[in-house]
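One-letter residues, chain by chain:
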Amino acid sequence: MKNRRWRTLAAAVVLAASVLTVGASASAATKPGQAKPTVVLVHGAWADSSGWDGVTSRLLDKGYPVIAPANPLRGLAEDSAYLKEFLATVGGPIVLVGHSYGGAVITNAATGNRNVKALVFVAAYSPKEGETIAEAGALNGGDNSLLVSHLVQRPYPGSNGQVDTTIDPAWFPRLFAADVPLRKSRLMATQQRPLSTVAFGGKTGVPAWQSIPSYALVALDDLAIPAVAGKAMAARSAPGRTVTIRGSHAAMVAHPDAVTGLIVRAARSVH
């Protein structure tokens, strides 16, 4: 009787294991987004990865794997090296997206990575070789002096005379996120991650957009990257693949549908 019970129990365990194995195989075979590229979202200055929340949720709903890593914001060389190492850990095709200063970082970090199949610049810098973000932002007479005049500076250890910068919270809604609901933009102002002044003088290496298909979104009411400069950068980095919106610098927060649509367009071009 005892042996019969053990045989019955053993058979049940084997059956359950078989069902779990088949279920796991079926789940793996039909895993949503399995055949789609991974979208890597890189935030810029005075922001963090939460700024991508609206875009991330939409991409996940469409079955895209998404990663939104933290950008160190220590300087172009350092941040690009960090992202380059990060991207090397992501298997399969990648659509790499950058906002603001994050655009300069992806411009440098993606060079030489064969997995990066498309770049998307969202209200972002896309400097050419040897160009700084300060120079890129001044193209065609671009002027962001209003924003620069309202930066708060704070020292940090080991900075060698450089400082961290954030936007004066009282000015943040107007200068960074004018079309974001005021309650939300005030919250964003309290959560800014600082950008070191090292980043303003970092020179771009061979830009990835020279060899990787690129897409750009230019925000026409942008007070951080003037639209005239944004258009000039997009004309050389994403010719024929540029869209414009009437909006502020915080395009991914205020216009997540438009930003998601451009990313999906880039992702669908990946074979």
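Computed from a predicted model, the values in this text were never measured in an experiment.

### Regarding the overall build of the protein chain
And then number 1: Regarding its fold elements, the protein chain presents 11 helices and 9 strands.
And then number 2: Considering the protein chain as a whole, with its 271 residues, one finds that 48% of them fall into the buried category.
And then number 3: Here the analysis covers contacts within the protein chain between residues at least 6 apart in sequence; of these, 74% occur between residues at least 24 apart.
And then number 4: Within the structure as shown, the protein chain displays about 13000 Å² of accessible surface, and the carbon and sulfur contribution to it stands at 58%.

### What about the sheet that holds strand E3 (residues 94-100)?
And then number 1: With parallel pairing, the 6 strands of this open sheet are ordered in space as E2-E1-E3-E4-E8-E9. Every interior strand has two partners, whereas the edge strands, strand E2 (66-67) and strand E9 (242-245), have only one.
And then number 2: Sheet topology note: the strand E1 (residues 38-42)/E3 ladder contains 5 bridges and is parallel. Paired with Val40 across the two strands is Leu96, which belongs to E3.
And then number 3: Contacting strand E4 (116-124), strand E8 (214-219) and E9, helix H9 (residues 227-237) runs over the sheet at an angle of about 170° to E8.

### What about the sheet that holds strand E7 (residues 195-196)?
And then number 1: Spatial ordering of the open sheet is given by E5-E6-E7, a layout of 3 strands whose pairing is antiparallel. Of all strands in the sheet, those with a lone pairing partner are strand E5 (151-155) and E7, marking the two edges.

### Quick word on the packing of aromatic side chains
To describe a pair of aromatic rings, one takes the distance between the centres and the angle between the planes.
And then number 1: Taken as a whole and assessed by the stated rule, the structure comprises 1 aromatic pair.
And then number 2: Between the aromatic rings of Phe172 and Phe176, the centroid separation amounts to 4.7 Å while the plane-to-plane angle is 20°, which identifies the pairing as stacked. With Phe172 and Phe176 both in helix H7 (residues 172-176), this residue pair falls 4 residues apart, about one helical turn.
And then number 3: Sitting over the ring of Tyr156, Arg74 keeps its end group 4.7 Å from the ring centre.

### Considering the pattern of salt bridges
And then number 1: Under the definition given, this model contains 4 salt bridges.
And then number 2: In this structure, Asp257 and Arg58 form a salt bridge, with 2.6 Å as the shortest nitrogen-oxygen distance. Pair noted here: Asp257 is in helix H11 (residues 256-268) and Arg58 is in helix H2 (residues 53-61), with a separation of 199 residues, a long-range link.
And then number 3: The exposure class assigned to Arg58 is partly exposed, which follows from its relative accessible area of 28%.
And then number 4: Residue Asp221 is joined to Arg246 by a salt bridge in which the shortest nitrogen-to-oxygen separation is 2.7 Å. One end of the pair, Asp221, is in the loop between E8 and H9; the other, Arg246, is in the loop between E9 and helix H10 (251-254), with 25 residues separating them in the sequence.
And then number 5: Accessibility expressed as a relative area gives 58% for Arg246, which makes it exposed.

### So, the nonpolar core
For soluble globular proteins, nonpolar side chains are generally found buried alongside one another.
And then number 1: Residues Leu96, Tyr101, Leu119 and Phe176 are the most contacted members of the largest nonpolar core, which totals 50 residues.
And then number 2: Here this core takes 5 residues from helix H4 (residues 101-109), the largest share from any one element.
And then number 3: Each residue touching Leu96, except ones within four places of it in the same chain, is listed here: Val40, Val42, Leu83, Leu87, Ile106, Ala110, Val116, Ala118, Leu119 and Val120.
And then number 4: Val120, Tyr215, Ala251 and Ala267 belong to the second-largest nonpolar core, a separate cluster that totals 25 residues.

### Topic: the packing of H2 against H11
And then number 1: Taken N-terminus to C-terminus, the directions of H2 and H11 make an angle of 50°; their axes are 9 Å apart at the nearest point. As the angle between them shows, H2 and H11 are arranged oblique. Viewed along their axes, H2 and H11 form a crossing whose handedness is right-handed. Taking contact as the criterion, the partners of Gly54, Val55, Arg58 and Leu59 in H2 are, on H11, Pro256, Asp257, Val259, Thr260, Ile263 and Val264.
And then number 2: Residue composition of the contact of H2 with H11, by class: 6 nonpolar, 2 polar and 2 charged.

### Examining the pairing of E8
And then number 1: Most of E8 sits out of view: 6 of its 6 residues are buried.
And then number 2: Burial along E8 is two-sided: the residues Ser214, Ala216 and Val218 and Tyr215, Leu217 and Ala219 are all buried.
And then number 3: As paired elements, E4 and E8 share 4 bridges and run parallel to each other. Note on E8: the bridge partner recorded for Phe121 is Ala216.
And then number 4: The sheet contact formed by E8 and E9 spans 4 bridges and is parallel. Bridge pairing in E9 links Leu217 to Val243.
And then number 5: For the crossover from E8 across H9 to E9, the handedness is right-handed.

Analysis parameters
- Residues numbered from 1 in each chain as written.
- Predicted model: local features only at pLDDT ≥ 70, side-chain atom pairs only at ≥ 80, totals over all residues.
- Heavy atoms only, no water.
- Helix = DSSP H or I, 4+ residues; strand = E, 2+ residues; numbered from the N terminus.
- Buried < 20%, exposed > 50% of the residue type's maximum accessible area, 1.4 Å probe, protein only.
- Contact = heavy atoms within 4.5 Å.
- Areas by Shrake-Rupley, 256 points an atom, 1.4 Å probe, with all protein chains shown as cover.
- Pairing = 2+ DSSP bridges.
- Axes fitted to C-alpha atoms, helices over the stretch in contact; angles between N-to-C directions.
- Phe/Tyr/Trp six-rings, centres within 6.5 Å; stacked < 30°, edge-to-face > 60°.
- Lys NZ or Arg CZ within 6 Å of the ring centre and 35° of its normal.
- Salt bridge = Lys/Arg side-chain N within 4 Å of Asp/Glu carboxyl O.
- Core = buried A, V, L, I, M, F, W, Y, C linked by side-chain atoms within 4.5 Å.
- Parallel < 35°, antiparallel > 145°, perpendicular 65-115°, else oblique.
- Left-handed = near helix turned anticlockwise from the far one by under 90°.
- Nonpolar A, V, L, I, M, F, W, Y, C, P; charged D, E, K, R; others polar.
- Right-handed = clockwise from strand over helix to strand, strands pointing away.

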